[in-house]
Amino acid sequence: MRIAVVGPTASGKSDLALDLIEALGEAAGSAHPAEVVGADASQLYRGMDIGTAKLPLEQRRGVPHHQIDVLDVRQEASVASYQRHARADLAAIEARGGRGLIVGGSGLYVRALTDALDFPGTDPAVRAGLEARVEREGLAALRAELEASDPLSAARIQPTDARRIVRALEVAAVTGRPFSASLPRYEDLAPTLHLALRPEREALRRRIRLRTQAMFASGLLEETQALLDQGLREGPTASRAIGYVQAVAVLDGEMSLAEAIESTSLATRQLASRQLKWFRRDPRVCWIDVALDEDGAWAAGERERVVEQALALLREHGDRL
């Protein structure tokens, strides 16, 4: 059985995945019974390490990680391209007799692996026309058009998310069907246990604030400058990543360091809220509550308890470990 470890940013998904892999290894009597397939859109990028909380190689406990560091910052991240490559990774892991652990908080990327999700084609001319209308008429006009023609998609897209609003209208124009018609129905392609971590709200906010401060203190500005030298400003998706937007503003003299930390922390909290809403809609998700201490770390004994709960859920779903 595959395992998907999901949940809001900063909830401890990577730690749980590695702890769970070690526990599965002990149960199976093998060193690496499982491998990680990342499902974090920003961690696809080489060099975006500090701002994405990417686990350094030496902290991955020898466990192979896939779909990390596969794009340059000038390249556009595409969920359709990710789906092709990540599904190939899962198939190869299973062909080796291993188990795939899908780990990340990018909900659409997770479902691109777990569900029968097909991505309609694109039409550059249609997209360019819609983007020109955003500039000419304003995003609100296109948002109103989407609400009228496809209210289900409109309800799922943030009113300020120009990229996704344009995409939804593009799909409708290209296929003649609403974008919502291409959404999956929460059905696994292969047996999968969906685990989601859920820290208490205020504890998660504190953890996000502390992690943001640590990112800037440990060299996020320097990392961002190096990425700018590699073309970060020209990257259609990498340039919008939380933390890097604020770091660029500091480097450009448009924000103070304190303002950047606060802005990044706020944007990360808003992201966590959207992720929680996304995963709450999925009836397959098994939630595991996690207690954090004042320093934002898992409270004493939580790691062992959470791993045991995850293993118990695996057994409940018919996995013999």
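Residues numbered from 1 in each chain as written. Predicted model: local features only at pLDDT ≥ 70, side-chain atom pairs only at ≥ 80, totals over all residues. Heavy atoms only, no water.

### Concerning the domain arrangement of the protein chain
The domain architecture assigned to the protein chain consists of domain 1 (1-115 + 187-317) and domain 2 (122-173). Using only C-alpha atoms to locate each centre, domain 1 and domain 2 end up separated by 28 Å. (Domains from an automatic or database assignment.)

### A look at the UniProt feature "binding site: substrate" (unreviewed entry) in the protein chain
Sequence positions flagged by UniProt for "binding site: substrate" (unreviewed entry) are, in local numbering, Thr9, Ala10, Ser11, Gly12, Lys13 and Ser14. Within the fold, alanine 10 resides in the loop between strand 1 (2-6) and helix 1 (13-28). Discounting residues that sit within four places of it in the chain, alanine 10 has contacts with Leu204, Arg207, Ile208 and Arg211. Following the sequence through the fold, glycine 12 ends up in the loop between strand 1 and helix 1. Not counting residues up to four positions away in its chain, the partners in contact with glycine 12 are Leu197, Arg207 and Trp298. (UniProt positions renumbered as here; feature names shortened; annotations may be inferred. Helix = DSSP H or I, 4+ residues; strand = E, 2+ residues; numbered from the N terminus. Contact = heavy atoms within 4.5 Å.)

### With respect to empty space enclosed by the protein
Inspection of every chain in the model, using the stated rule, returns 2 cavities of 30 Å³ or more. Roughly 50 Å³ of volume is contained in the largest cavity. Lining the largest cavity are Val6, Gly107, Val110, Arg111, Thr114, His194, Trp278, Phe279, Asp282, Arg284 and Val285. Looking at the lining of the largest cavity, the elements that each hand over two or more residues are helix 3 (107-114) and helix 11 (257-280). A total of 4 residues in the lining of the largest cavity trace back to one element, the largest contributor, which is helix 3. Its residues placed into classes, the lining of the largest cavity shows 5 nonpolar, 3 polar and 3 charged. (1 Å grid on protein atoms, 1.4 Å probe; cavity = no way out; pocket = protein on both sides within 12 Å on 5 of 7 lines; lining within 4 Å. Points joined across faces, edges and corners; volume = space filled by probe spheres on them. Nonpolar A, V, L, I, M, F, W, Y, C, P; charged D, E, K, R; others polar.)

### Let's talk about the pattern of salt bridges
Under the counting rule described, the total for this entry stands at 25 salt bridges. The salt bridge partner of glutamate 170 is arginine 127, with a shortest N-O separation of 3.0 Å. One end of the pair, glutamate 170, is in helix 7 (residues 162-175); the other, arginine 127, is in helix 4 (residues 124-137), and 43 residues separate them in sequence. For glutamate 170, a relative accessible area of 0% corresponds to the buried category. The partner of glutamate 302 in a salt bridge is arginine 305, with the nearest N and O atoms 2.8 Å apart. Remark: arginine 305 and glutamate 302 occur in helix 12 (residues 302-316); sequence separation between them is 3 residues, near one turn of the helix. Judged by its relative accessible area of 33%, arginine 305 falls in the partly exposed class. Several salt bridges converge on common partners, so that one network encompasses Arg111, Asp115, Asp188, Asp282 and Arg284. (Salt bridge = Lys/Arg side-chain N within 4 Å of Asp/Glu carboxyl O. Buried < 20%, exposed > 50% of the residue type's maximum accessible area, 1.4 Å probe, protein only.)

### As for the layout of surface pockets
If you add up the space inside the second largest pocket, you get close to 240 Å³. Considering the residues around the second largest pocket, the lining is formed by Arg198, Pro199, Arg201, Leu204, Arg205, Ile208, Arg269, Ala272, Ser273, Leu276, Lys277 and Arg280. Of all the secondary structure elements, the ones that give two or more residues to the lining of the second largest pocket are strand 5 (192-199), helix 8 (201-217) and helix 11. Looking at the lining of the second largest pocket, the element that brings in the most residues is helix 11, giving 6 residues.

### A look at the sheet that holds strand 2 (residues 34-38)
Ordered in space as 3-2-4-1-5-6, the 6 strands form an open sheet in which the pairing is parallel. This sheet does not close on itself; its edge strands, each paired only once, are strand 3 (65-66) and strand 6 (285-290). Against the sheet, helix 3 engages strand 1, strand 2, strand 4 (99-103) and strand 5, with an angle of about 155 degrees to strand 4. (Pairing = 2+ DSSP bridges. Axes fitted to C-alpha atoms, helices over the stretch in contact; angles between N-to-C directions.)

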